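Descriptive structure summary
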Amino acid sequence: MAKIQLFVNNKTRVIDVEPTMPLLWVLRDVIGLTATKYGCGIGQCGACTVMIDGQTIRSCSYLAIDAYQKNIITLEGISDDDFHPVQQAWIDEQVPQCGYCQNGQIMNAIALLEDNSNPTDQEIKEHMAGVICRCGTYPRILKAIKRAANQ
Amino acid sequence: MITRRSFIKSSSIVGGGLIVGLGVFNACKDKDRLTGGILNSLNSKKGISIGDFVCLQKDGTVFINLCKHEMGQGVSSGLTAILAEELDANWKKVRIVYADPIAGISNSTGGSTSTLDQWDELRKAGAFIRNLLLAAAAQHWGVDKMDCQAENSFIYLKNSRKKIEYGELVDKITLSETLEEPQFKKKDAYKLIGKSFPNKIIPDIITGRHPYGIDVRLPDMKYAAIERCPVFKGTLVRYDATEALAISGVEKVVEIKGKVLDGNTHIRSGLAVIANSTWAAFQGKRALIIEWNYGEKEKIKHEDFVASAFHKLAHEDGREALNVGETPKMQKTDSTFSQTYEFPYQHHACMEPLNATAIYTNNSCEIWTGTQSATYVMAKIEEHMGIPKENIKINCYPSGGGFGLRYWASYALEAVLVSKASGGDLIKMCYTREDDIKCDYLNSYEFNKHTVLIRNDKPISWSLKAAIDNWGAVLGWLYYDISHKYVEEVRINGFTQASAWRSVMANAEGFSTECFIDELAEKLNQDPLDFRLKLLEKDIMVDFNHTYTCNIKRLRNVLKLVSEKGNWGKKMKENSGQGIAVYPYMHGNGYGACIAEVSVSDKKIVIDKITIAIECGLIINPDFVKKQMEGGVIWALSAMFYGGTEYKNGEVLRSNFHDNKVLRIHEIPEIEVHLCESDENRPWGVGEIAPPVTYPAVCNAIYAATKKRIRKLPLEKSMLQ
């Protein structure tokens, strides 16, 4: 076991973790932040996306100890009282169906718009291709990202 | 008429207010169990409850106990809106509760039937409560009830400024000796139904607060994962858990005995690892050394399975499912035309892997999970473990996708078995994605052989013979106006467990029927649309021995709509083509039609556009319907491009999203959805309408582009042959 300090959603957490444990399970099972979802465990589906120091990573394939003293933002931490503009666009376009993948969709959409405030359809598709939705909400994800970009 | 006696029997006064059980509205075999449930616990201090079913608090908040399973199809908001409409409740003050199973009420969620099943009950409930509130206000003001009207959670006194909010009335409700049968609102008075109101669960989803079963966290909860026999019906011979138990966090390894309970619920032999985190449980699972006896399923080879299907289609008499009209006697000038179509195994791959949290104590248990049929889960636990139903409590959660997989009891039952085997630990049992793929209940493999007898360039007899794997039954919805129809099925023995997969057998049969009719149109030198319309000319109701009869007018209307909106017959570029299809989904009595536009080069197929239309009766929420259609199209395209599975020695070879691919955002076509106007005065099914028409429309478009007929899915396998 290793005692590590993590900064999660602007809170300092000191936790004991197995050195082999991915960040996903530290967030979900140890800390109790369950917005970050387990979908595949091998970085294929994107449901477990979180941001570390402003970059999206797949928390299922990222060791918690590697996040030592880094700034982790999960879906729970992207907005305070108001919705983030991407969340608002998600409401306006009524994107989710079952919603399970939407953590990954939203986190990756935020990262895209931070890099590129006015992406083309092609750029959106390239950036979002790593996040699987089984319900088929893709047409609305496209619309919502464009809507958020316009605002 | 609802009598006071029957009302009181299923209702009670609690805390000065009214409790109404759903038993008032629906015959209930087990009235003694009507008390309890989530809403009663809401009751104690804050306000008042109207029900196991509806709770009206003093602050005016209305809680609605959702009897159906929310898995992304939108029932939580859709069903709630039906009740809120009749109750004239302020939509913003209505909140959804994911209900425990209520005795006597079917919570089975499947077949696109939730809305149509609950339409009457929910309207009755809403109107009934509105009536009570109107009466209470009238009595309060000393006026006639007819002088009061309900709107937006207030009762207004007509021709005055007097109004009173629903919450203020709950203590004023009294019961008369008899209660009036509620009157329903007229369609033109609807404020919610028919409008694209927002889905209530979306704010929770986008903030990570939507309560999936996998997110359950309880005090002293441990985590479990099961290493199951990779081959269906295989058994455990011996094992060594030393290395697993040496992993930090792993606490116990216990054996789970395999058992086939019925055609839908199977417990695989396995070993459960109990640990202090999901990760430790997963690691422990991987470290187990197990010797299995794979059993008979190991021996099934796919080529033999396919050969047996073709042999049976050719030589074995099947079970008759439909026989309509007189068998015509063959004449010299008659000809026959026959083709066989093959629809493969399909994986569910719900984004939320299967999971259930459970605790077993002294012949009772409590479960926290997302299930499409909590009552079935309870029945199977009672059957397999001997725990009486009254000792089983299920806390129902919404799911990250269901698609038929969550209809059955295995995963909830497994969690209870693990808890019992561990000596009563409270455990959250979660499938790895690999478990979820390898131990999936696959869509039944199905072969459909269509044959017509042609006389004077007209089909006069149509038969469908289906060879179906271990689950399901032929539907035989032969809707075209051909005087003699015959449907039969033979069974084939596949390598693994099969079950419901969104649109069930309508996937195979929509695909085969509409590809076949396209081939037939070509053989008879007719335009695919004109040919279909001619065979759907009469406004008749066609009986398939199903709950609902097929309304040909509705079917024709949706086909016509899609042909107009999709510009049927427009000029297409070289190597591209249009395909059309129409299909009735009789489980939900909803009708779909589709036009696909595809282009093909070097055997690479690109779907350029899908235009799809639905006739689903009265529409509760147009936007919800559109979403289900968009999703259904993408579901079908995933199955066409990446579906099927591979297996060897009884084991599924796919394991995760890298080899069980599904469509990603860059692969989707433009999708246009049209909603067909309807004379129906009630809602019909929506969720499973799109896939059965998408497959054949795409295959028929590929033919138009390439002159190659697709009779086998997934496409890759067909195109490369």
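Keep in mind it's a predicted model, so treat the numbers as computed, not measured.

This part takes up the sheet that holds strand β3 (residues 49-52) of chain A. Sheet strands associate in pairs through backbone hydrogen bonding, adopting either a parallel or an antiparallel arrangement. Residues and elements named next belong to chain A. Pairing in this open sheet of five strands is mixed, and the strands run β2-β1-β5-β3-β4 from one edge to the other. The open sheet is flanked by β2 (11-17) and β4 (55-58), the only strands paired with a single partner. Across the sheet, the axes of successive neighbouring strands diverge by a mean angle of 40°, strand direction being ignored. Sitting on the sheet, helix α3 (residues 102-115) touches β3, β4 and β5 (71-73), and the angle it makes with β3 is about 35°.

Take helix α16 (residues 622-642) of chain B next. Residue and element names in this part refer to chain B. Helix length check: α16 (21 residues) gives 30 Å between terminal C-alpha atoms against 30 Å at 1.5 Å per residue, within 8%. Burial of α16 is extensive: 18 of the 21 residues sit out of reach of the surface. Two or three places before Asp 623, at the start of α16, stands the capping residue Asn 621, its side-chain oxygen 2.9 Å from that residue's backbone nitrogen. Directly beyond the C-terminal end of α16, a positive phi value near 85° is found at Gly 644.

All names here are of chain B. Counting across every chain of the model gives zero disulfides over all chains. Summary of cysteine pairing: Cys 515 is not part of a disulfide, and the nearest cysteine sulfur, belonging to Cys 699, is at 4.5 Å. Here Cys 515 falls in the buried class, since its relative accessible area comes to 2%. Summary of cysteine pairing: Cys 550 is not part of a disulfide, and the nearest cysteine sulfur, belonging to Cys 676, is at 13 Å. On the basis of relative accessibility, which here comes to 0%, the residue Cys 550 falls in the buried class.

Another aspect to go through is the domain arrangement of chain A. Residue and element names in this part refer to chain A. Along its sequence, chain A is carved into domain 1 (2-77) and domain 2 (85-150). The C-alpha-based centres of domain 1 and domain 2 are spaced at 21 Å. Of the residues lining the interface, 17 residues belong to domain 1; the matching set on domain 2 comes to twelve residues. Overall, the association of domain 1 and domain 2 removes approximately 1200 Å² of surface from exposure, summing both partners, and the carbon and sulfur fraction of that is 57%. Linking domain 1 to domain 2 there are six residue pairs in polar contact (both at pLDDT 80 or more). Counting only elements with at least two residues in the side of domain 1 that touches domain 2, the list comes to β3 and β4.

On to the interface of chain A and chain B. The interface is formed by 50 residues belonging to chain A together with 59 residues belonging to chain B. Here chain A meets chain B over a buried area of about 4600 Å², counting both sides, of which 60% is carbon and sulfur. On inspection of chain A and its partner chain B, the count reaches 27 residue pairs in polar contact (both at pLDDT 80 or more). When contributions to the side of chain A that touches chain B are tallied by element, the ones reaching two or more residues are α1 (23-31), α2 (85-92), α3, α4 (121-128) and α5 (138-150) of chain A. Counted by class, the side of chain A that touches chain B contains 30 nonpolar, twelve polar and eight charged residues.

In many analyses, interface size is given as the accessible surface area lost on bringing the parts together. Residues and elements named next belong to chain B. Under the domain assignment, chain B is made up of domain 1 (2-197), domain 2 (213-296 + 354-430) and domain 3 (519-719). Taken together, the contact pairs 21 residues of domain 1 with 21 residues of domain 3. At the boundary of domain 1 with domain 3, total buried surface from both sides reaches about 1500 Å², with 59% on carbon and sulfur atoms. For domain 1, the biggest contributors to the area lost against domain 3 are Ser 112, Leu 116 and Trp 119; these three give 36% of the whole. At the junction of domain 1 and domain 3, the tally comes to one salt bridge.

We now examine the pairing of strand β7 (residues 148-151) of chain B. Residues and elements named next belong to chain B. Every second residue of β7 is oriented toward a common face, the buried set being Cys 148 and Ala 150 and the non-buried set Gln 149 and Glu 151. Pairing geometry for β7 and strand β8 (residues 154-157), over four bridges, is antiparallel. Its bridge partner being in β8, Ala 150 is matched across the sheet by Ile 155. Between the antiparallel neighbours β7 and β8 lie two residues, among them Asn 152 with a positive phi of about 50°.

Okay, the packing of α16 of chain B against helix α17 (residues 690-706) of chain B next. All names here are of chain B. Between α16 and α17, whose axes approach to 8 Å, the crossing angle comes to 55°. Considered as vectors, α16 and α17 are oriented oblique to each other. Handedness of the α16/α17 crossing: right-handed. Only Ala 690, Pro 691, Thr 694, Tyr 695, Val 698 and Cys 699 of α17 make contact with α16, whose side of the interface consists of Met 629, Gly 632, Val 633, Trp 635, Ala 636, Leu 637, Ala 639 and Met 640. For the contact of α16 with α17, the per-class residue count stands at twelve nonpolar, two polar and no charged.

Residue and element names in this part refer to chain B. Here Asn 355 lies in strand β20 (residues 355-361). Residue classification places Asn 355 among the buried positions, given a relative accessible area of 1%. For Asn 355, the side chain forms a polar contact with the main-chain nitrogen of Ile 214, separated by 3.2 Å. Residues contacting Asn 355, with those up to four places away along its chain left out, are Gly 213, Ile 214, Thr 369, Arg 406, Tyr 411, Met 429 and Cys 430.

All names here are of chain B. Here helix α4 (residues 114-141) is 28 residues long and its end C-alpha atoms lie 40 Å apart, about the 40 Å a rise of 1.5 Å per residue gives. At Asp 120, α4 shows its maximal kink, close to 35°. With respect to burial, α4 is a largely interior element, 21 of its 28 residues being buried. Positive backbone phi, at 70°, marks Gly 142, one or two positions downstream of α4.

Attention shifts here to the environment of Asp 53 of chain A. Residue and element names in this part refer to chain A. By the element assignment, Asp 53 lies in the loop between β3 and β4. When its relative accessible area of 47% is taken as the criterion, Asp 53 is described as partly exposed. Put simply, Asp 53 and Glu 18 are 35 residues apart on the chain and 22 Å apart in space, counted from C-alpha to C-alpha. Here Asp 53 is in contact with Lys 70 and Asn 71, once residues within four sequence places are set aside.

Here the focus is the nonpolar core. Within the largest apolar cluster, 290 residues are counted, with the highest numbers of intra-cluster contacts made by Leu 23 and Trp 90 of chain A together with Ile 155, Ile 367, Ile 381 and Tyr 695 of chain B. Looking at this core element by element, the count peaks at 13 residues for α4 of chain B. Those residues in contact with Trp 90 of chain A that lie beyond four places of it in its chain are Val 95, Pro 96, Gln 102, Gln 105, Ile 106, Ala 109, Ile 141, Ala 144 and Ile 145 of chain A together with Ile 202 and Ile 206 of chain B. If you look at the next biggest cluster of nonpolar residues, it comprises five residues, including Val 216, Met 221, Trp 368 and Leu 426 of chain B.

Residue and element names in this part refer to chain B. Tallied over the entire structure, the rule returns 33 aromatic pairs over all chains. Between the aromatic rings of Trp 477 and Tyr 583, the centroid separation amounts to 6.1 Å while the plane-to-plane angle is 40°, which identifies the pairing as tilted. Residue Trp 477 is found in the loop between β26 (458-468) and β27 (484-491), and its partner Tyr 583 is found in strand β31 (residues 576-585); the two are separated by 106 residues along the sequence. Classification of Trp 477 as buried rests on a relative accessible area of 1%. Look at Tyr 479 and Tyr 480: their rings are 4.7 Å apart centre to centre, the planes differ by 50°, and that puts the pair in the tilted class. Like Tyr 479, the residue Tyr 480 is buried in the burial classification.

Definitions and limits used
- Residues numbered from 1 in each chain as written.
- Chains lettered and ligands numbered in written order.
- Predicted model: local features only at pLDDT ≥ 70, side-chain atom pairs only at ≥ 80, totals over all residues.
- Heavy atoms only, no water.
- Pairing = 2+ DSSP bridges.
- Helix = DSSP H or I, 4+ residues; strand = E, 2+ residues; numbered from the N terminus.
- Axes fitted to C-alpha atoms, helices over the stretch in contact; angles between N-to-C directions.
- Contact = heavy atoms within 4.5 Å.
- Expected span 1.5 Å × (residues − 1).
- Buried < 20%, exposed > 50% of the residue type's maximum accessible area, 1.4 Å probe, protein only.
- Polar contact = N/O pair within 3.5 Å; in protein donor to acceptor, adjacent residues only side chain to side chain.
- Disulfide = S-S within 2.5 Å.
- Domains from an automatic or database assignment.
- Buried area = accessible area lost by both parts, 1.4 Å probe.
- Nonpolar A, V, L, I, M, F, W, Y, C, P; charged D, E, K, R; others polar.
- Salt bridge = Lys/Arg side-chain N within 4 Å of Asp/Glu carboxyl O.
- Parallel < 35°, antiparallel > 145°, perpendicular 65-115°, else oblique.
- Left-handed = near helix turned anticlockwise from the far one by under 90°.
- Bend = angle between axes of the 7 residues up to and from the residue.
- Core = buried A, V, L, I, M, F, W, Y, C linked by side-chain atoms within 4.5 Å.
- Phe/Tyr/Trp six-rings, centres within 6.5 Å; stacked < 30°, edge-to-face > 60°.

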